[in-house]
Amino acid sequence: MENEKPRTRRRRIIRRTLIISGVLILTVAVVLAGVGVWTVTRSFPMYGGEVHLAGLSEDVSVYRDDAGIPQIVAKNSADLFRAQGYVQAQDRFWEMDFRRHVTSGRLAELFGESQVDTDAFIRTLGWRKVAEEEVRMLDARTLGYYQAYADGVNEYLASHSGAELSLEYVVLGLQNSDYAPEPWTPADSVAWLKAMAWDLRSNLEDEIDRALLSTVLDPAEVQQLHPDYPYGEHPTIVSADENETGKDATDAASAGDLVPLAEPTTSAVAENEAATAGLRAAATALRASLDTIPELLGPAGGEIGSNSWVIDGSLSDTGKPILANDPHLGPAMPSVWHQIGLRCETIGDECPFDVSGYSFSGLPGVVIGHNSQIGWGFTNLGPDVADLYLEKVTGDNYEFDGESKPLDVSTETITVANGDDVSLTIRATEHGPLMSDLAGQFSSLADEYPVAVDLPEPGDARYALSLKWTALSAGFTPSAIFAMNTAQDWDQFRAAAALFDVPSQNLLYADKDGNIGYQAPGVIPIRAKGDGTLPNPGWTSEFDWTSYIPFEELPSVFNPKSGYIVTANNAAVGPEYPHLITRDWDLGYRAQQIETRLKDLIATGDPISAEQIGAVQADNHLAIAQTLVPALKAVSVDDQTSKAVALFNGWNFAVDPDSAAAAYFNIVWRNLLVAMFDDTLPDGTHMTGGDRSFAVVESLLDEPNSRWWTNQTLGITGRDAMLAYALEEACIEAKDLMGANTDSWRWDRIHTLTLTNASFGESGIAPIEWLFNRGPYGVGGASAVVNAVGWDATQGYEVNWVPSMRQVLDLNDWDESTWINLTGSSGHAFHPNYADQTPLWQNHETRQWLYTLDRVAFTAEHTLVLTAEEK
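Residues numbered from 1 in each chain as written. Predicted model: local features only at pLDDT ≥ 70, side-chain atom pairs only at ≥ 80, totals over all residues. Heavy atoms only, no water.

1. Points about the overall build of the chain
To keep things clear, this is the line we draw: Numbering goes from the N terminus for both helices and strands, where a helix is a DSSP run of H or I of at least four residues and a strand is a run of E of at least two. Only protein chains enter the accessibility calculation, which uses a 1.4 Å probe; a residue whose area is less than 20% of its type maximum is buried, one above 50% is exposed, and one in between is partly exposed. The contact definition used throughout considers only heavy atoms, calling two residues in contact when any of these lie within 4.5 Å.
Counting its secondary structure elements, the chain contains 27 helices and 30 strands. The proportion of buried residues among the 871 residues of the chain is 65%. Long-range pairs, those at least 24 residues apart, make up 76% of the contacts in the chain between residues at least 6 apart in sequence.

2. A short note on the side chain of threonine 477
Summarising the element assignment, threonine 477 is placed in helix H15 (residues 477-486). Look at threonine 477 and you get buried, because its relative accessible area is 3%. Beyond its immediate chain neighbours, meaning those up to four positions away, threonine 477 contacts Leu193, Leu499, Phe500, Asp501 and Val502.

3. As for the layout of surface pockets
Inclusion rule: For cavity detection a 1 Å grid was placed over the protein atoms alone, and a set of points counts as a cavity when a 1.4 Å probe fits there but cannot get out; an open set counts as a pocket when protein lies on both sides within 12 Å along at least five of seven lines, with lining residues being those that have an atom within 4 Å of a point. Grid points are joined across faces, edges and corners, and a volume is the space filled by probe spheres set on the points. All amino acids are sorted into three groups, where Ala, Val, Leu, Ile, Met, Phe, Trp, Tyr, Cys and Pro are nonpolar, Asp, Glu, Lys and Arg are charged, and the leftover types, Gly among them, are polar.
As a volume, the largest pocket reaches approximately 470 Å³. Together, 27 residues line the largest pocket, and Leu125, Asp408, Ala428, Pro433 and Leu472 are the ones closest to its centre. Mapped onto the lining of the largest pocket, the elements with two or more residues apiece are helix H5 (116-125), helix H6 (127-137), strand S13 (408-414), strand S14 (422-428), strand S15 (462-469) and strand S20 (545-548). Broken down by element, the residue count for the lining of the largest pocket peaks at four residues, all from S13. Each residue belonging to the lining of the largest pocket can be placed in one class, and the counts come to eleven nonpolar, eight polar and eight charged.

4. Comments concerning the state of the cysteines
For clarity, the threshold we go by: Two cysteine sulfurs form what is called a disulfide whenever their separation falls within 2.5 Å.
Inspection of the entire model under this criterion finds one disulfide. Here cysteine 344 pairs with cysteine 351 through a disulfide, and the sulfurs are 2.0 Å apart. Linking cysteine 344 and cysteine 351, the disulfide has an S-S dihedral of approximately -80° and is accordingly described as left-handed. Here cysteine 344 matches cysteine 351 in class, with each residue buried.

5. A few points about helix H16 (residues 490-497)
Which entries qualify depends on this criterion: The arc in question is traced by the directions running from the helix axis to the C-beta atoms.
Within H16, the full set of buried residues consists of Trp490, Phe493, Ala496 and Ala497. Taken around the axis of H16, the buried residues stretch over an arc of 120°, which confines them to a single face. Tucked inside the fold, the buried residues of H16 contact strand S9 (374-380), H15, strand S16 (505-511), strand S17 (516-519) and strand S21 (556-558).

6. Here we look at the packing of aromatic side chains
What characterises a pair of aromatic rings is the spacing of the ring centres plus the angle enclosed by the ring planes. Worth spelling out the cut-off: Two rings from Phe, Tyr or Trp (for Trp, the six-membered ring) form a pair when their centres sit within 6.5 Å of each other. Planes less than 30 degrees apart are called stacked, planes more than 60 degrees apart edge-to-face, and all others tilted.
Throughout the structure, instances matching the rule amount to 47 aromatic pairs. Here phenylalanine 111 and phenylalanine 760 contribute two aromatic rings whose centre-to-centre distance is 5.8 Å and whose plane-to-plane angle is 75°, an arrangement assigned as edge-to-face. Taken together, the positions of phenylalanine 111 in helix H4 (residues 107-111) and phenylalanine 760 in the loop between strand S23 (752-755) and helix H25 (766-772) put the pair 649 residues apart, joining distant regions of the chain. With respect to class, phenylalanine 111 is no different from phenylalanine 760; both count as buried. Consider the rings of tyrosine 358 and tryptophan 819, whose centres lie 5.7 Å apart with planes at 55°: the pair is tilted. With a gap of 461 residues between them, tyrosine 358 in strand S7 (residues 354-359) and tryptophan 819 in strand S28 (residues 818-821) connect regions that are remote in the sequence.

7. Observations regarding the packing of helix H21 (residues 660-678) against helix H22 (residues 691-700)
Two quantities define a packed helix pair, namely the angle between the helix axes and the distance between the axes. We count it as follows: Every axis corresponds to a line fitted to the C-alpha atoms, with the helix fit spanning only the stretch in contact, and the corresponding angles, defined between N-to-C directions, vary from 0 to 180 degrees. The labels follow the angle: roughly parallel below 35 degrees, roughly antiparallel above 145, roughly perpendicular from 65 to 115, and oblique for the rest.
At a minimum axis separation of 12 Å, H21 and H22 run at an interaxial angle of 70°. One finds that H21 runs roughly perpendicular with respect to H22. Across the interface between the two elements, Trp669, Leu672, Leu673, Met676 and Phe677 of H21 pack against Ser693, Phe694, Val696, Val697 and Leu700 of H22. Residues of the contact of H21 with H22, tallied by class, amount to nine nonpolar, one polar and no charged.

8. What about the pattern of salt bridges?
So the rule is basically this: Salt bridges, as used here, are contacts in which a Lys or Arg side-chain nitrogen is within 4 Å of a carboxyl oxygen on Asp or Glu.
Taken as a whole and assessed by the stated rule, the structure comprises 36 salt bridges. Across the pair arginine 590 and aspartate 586 runs a salt bridge, and its minimum N-O distance is 3.2 Å. The two residues arginine 590 and aspartate 586 agree in class, both being buried. Among the charged side chains, a network of salt bridges with common partners joins Asp97, Arg100, Arg128, Glu132 and Asp188.

9. Some thoughts on the packing of helix H19 (residues 623-633) against H21
Two elements in contact, H19 and H21, have axes whose closest approach is 12 Å; the angle formed by their N-to-C orientations is 80°. When the interaxial angle is binned, H19 and H21 end up roughly perpendicular. Residue-level inspection shows Ile624, Ala625, Leu628, Val629 and Leu632 of H19 in contact with H21, the latter providing Phe665, Val668, Trp669 and Leu672.

10. What about the confidence of the model for the chain?
Note the following rule: Looking at any residue, its pLDDT shows the predictor's confidence there, from 0 to 100.
Per-residue confidence for the chain gives a mean pLDDT of 89; residues scoring 70 or more make up 87%. Note on residues 1-23: pLDDT is under 50 here. Beyond four places in sequence and across chains, it has 117 contacts. pLDDT under 50 marks residues 246-275. Its contacts with residues more than four places away, or in other chains, come to 60 contacts.

11. Overview of unusual backbone geometry
Along the chain, methionine 333 connects to proline 334 via a cis peptide bond; the corresponding omega equals 0°. Secondary-structure assignment places proline 334 in the loop between strand S5 (322-329) and strand S6 (338-344). Look at the link from glycine 775 to proline 776: it is a cis peptide, with omega at 10°. Counting through the fold element by element, proline 776 comes out in strand S24 (residues 774-778). One non-glycine residue, asparagine 559, lies in positive phi territory at about 50°.

12. Comments concerning the sheet that holds strand S2 (residues 60-64)
In any sheet, the strands associate via hydrogen bonds between backbone groups, in a parallel or an antiparallel arrangement. The condition is simple: Pairing between strands is defined by DSSP: at least two bridges between them are needed.
With respect to topology, eleven strands assemble into an open sheet ordered S1-S30-S2-S3-S6-S7-S8-S9-S16-S17-S21, the strand pairing being mixed. Each end of this open sheet is capped by a strand with a single partner; those strands are strand S1 (49-52) and S21. Going from strand to strand, the sheet's axes swing by 20° on average, the running direction of each strand aside. Inspection of the sheet shows S6 paired to S7 by six bridges, in the antiparallel sense. Residue arginine 343 lies in a different strand from S7, and its bridge partner there is aspartate 354. Across the sheet, helix H3 (residues 77-103) touches S1, S2, strand S3 (70-74), S6, S7 and strand S30 (862-867), and the angle it forms with S6 is around 160°.

13. Description of the side chain of glutamate 412
Here glutamate 412 lies in strand S13. Note on glutamate 412: relative accessible area 17%, which makes it buried. The contact partners of glutamate 412, leaving out residues within four places of it in the chain, are Arg123, Lys129, Val422, Ser423, Leu424 and Ile426.

14. Let's talk about the environment of leucine 866
Relative to the helices and strands, leucine 866 is located in strand S30. You can call leucine 866 buried: its relative accessible area is 0%. Distance in space between the C-alpha atoms of leucine 866 and serine 61 is 6.3 Å, their sequence separation being 805 residues. Other than its neighbours up to four places away in sequence, leucine 866 contacts Val51, Leu53, Leu56, Glu58, Asp59, Val60, Val62, Ala83 and Tyr86.

15. Notes on helix H7 (residues 140-158)
What counts, and what does not: Take the residue count of a helix, subtract one, and multiply by 1.5 Å to get its expected span. Think of a polar contact as two N or O atoms within 3.5 Å of one another; within protein, one of them needs to be a possible hydrogen donor and the other a possible acceptor, and neighboring residues in sequence only count if both atoms come from side chains.
Between its first and last C-alpha atoms H7 spans 26 Å; for 19 residues at 1.5 Å apiece the expected length is 27 Å, and the two agree. Buried residues of H7: Thr142, Tyr145, Tyr146, Ala148, Tyr149, Ala150, Gly152, Val153, Asn154, Tyr156 and Leu157, and no others. Residues of H7 that are buried sit in contact with H3, helix H9 (186-199) and H15. Between a side-chain oxygen at the N-terminus of H7 and the backbone nitrogen of arginine 141 the separation is 3.1 Å; the capping residue is aspartate 139.

Now the structure itself:
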């Protein structure tokens, strides 16, 4: 969850894949008009009564509140996870089935030939193989949890099929009538962790962006467009004097000593313009290749981020900590999160779980939440854990340290619905899979990049491109979830964090004893040479990863003197830290505003309440507006535009939903970025309007004659002329969008959220999209704002990423904690709990969700008993 990168234009992956004839479209209409209600409601699950669940040793109770959120109470762990599998299949099985086809590279089995390239990419990365290896590494007890979960899913499948499972199977049947779901396995669950790691992958897009920019700009200009973290202005998560680990770390080069290996020189670019053009095309193709991969959590890089902060009891009104968390992910219908409670009737070795929070459908356990003693939140650390290597390949051999070594070669078959099978050959070096074997994507980068950076011809060999990524090695994250769920104190929490290999997260902690803490976990490489920001020579070990940062040396803090900790994808540590984690932190605007709000609350001298902490999540302060508006007001514009500029008078720089000034400013901001950069930057690079755009434009305000203020095509020269142009064009656009009367302008009229089904939501067939999508909802917020309801300036003002859920944990009384999901708990279209939480989320309202079991049972709207014996 990191800093701004060029955004993809791919919002959902099943697009233009339903090539449905007029007869089938008519069939859809008949379904809707005729048996539509019966078809739609067939999949609605049973919330109350009794159902026999084979394999249980004791009865299990499932309590649901008025939002349909389940709390499962069992006498032993095996029954608990069997019930979780059954209940999540009740609520979300299509989502689970769709996800496992993504993570195993089997989308073509569902949707046909259009998904073959995506399947080939996923299989070349080998997500499923790594997941299967991780399952083999599980200890018997943890494997038992995954197997029990799978058994529960399969019991549900045994008694439900087709429309009884979900409405999506009815739609899928229009083009793939032979499909039936196969049994669930532990590897299906574990593979989802690879999707998490991919969507939260660190800075691969930044590396591509720098390579593209280097073809037209000199190194100083590239640096100007990718500024360093402003350590003197924005906070780090851990200060040098507070870091509990890493103080004595040695044997690693300082981040400041590391330099890119193969950055194209000015002379190389000048000498070979054709090669430079080839590199641009190749890097653009690489980015397009990455864009073909499904976004299950949201757009990679870009504004994927999160907020989390905690205060200790010395600052709160209860004397106990308060912890807030809101992960920023792509909006989806249903929400990526499934809220659930997993409760053992009696806590002990046979059943140690007493945990509530947010999980992912298809994955046993709880990812973010609390148990009886501790609470925790996640934000993305964003370390650089993926490197590209240029390999010298001859036939099925590659060169390494002067020797010829055989490639690892395997063949897989992609099954295609309504089509012929496709054979795929996958080759790999010791660094990783050869991505350039995917024709037309990485292959062009492998051909053109060496020429552009003046690498010598490889003789009889040819250059290929491999990917080394920490998530392609088996690890212990599948075990970390359960260790975290059962941790009772800081030491146990850190022990669980030590298992959390990928994706590396900022883990925030609080406990009932009043302690607060932060731990960065994960497998983060130490490089022998270079910093991995551009492709490295793969034929020598000189540029290999030598080891990983020891867990004991990763950033950590426990009970800081300040009484609070803020994580918002900002730099975890300062430049004095002895290891390179990444060069591409989020630039810290959200972290700075959160810290400012907390300091303001502390300065009053009054204790801070959970309600006040929750209010910070709704903060709409736009830092770039505070900086840019004075400059905008100082330039001369025409009379009509002057009336619009007057909206800035008295504006508090908050992008509130009903703000006319916010609407106008954001239109100005978009027009400014387009005019400044679109005609200058190479294809495939953009300024998308978030934190990096903020920093770049801020830095240029004191350089009125900078080249970036000139657009020869538009006849603009100088800062003031550029600002005036943006103001005037924005005024015209605002009138087109919202009418001539500025009194009617509102940010939420153009900043809207449409919740789109990940599979069929952009099918191109209006009746199908109507079935599954919801919205639009007018909202406030913006990019690089605490209330990170983000938009992409290259696309428009519609919402592209959101706080996917919000939680505020009250360590004094769990029952007083508040929660809200982006959508409802149910994945069934038209179910009462399909989108019931969205209006609350839209208006920054939250829900109480009880934890005390007696109160959960007493206030339950529905109670389902899963019986061990058939009655």
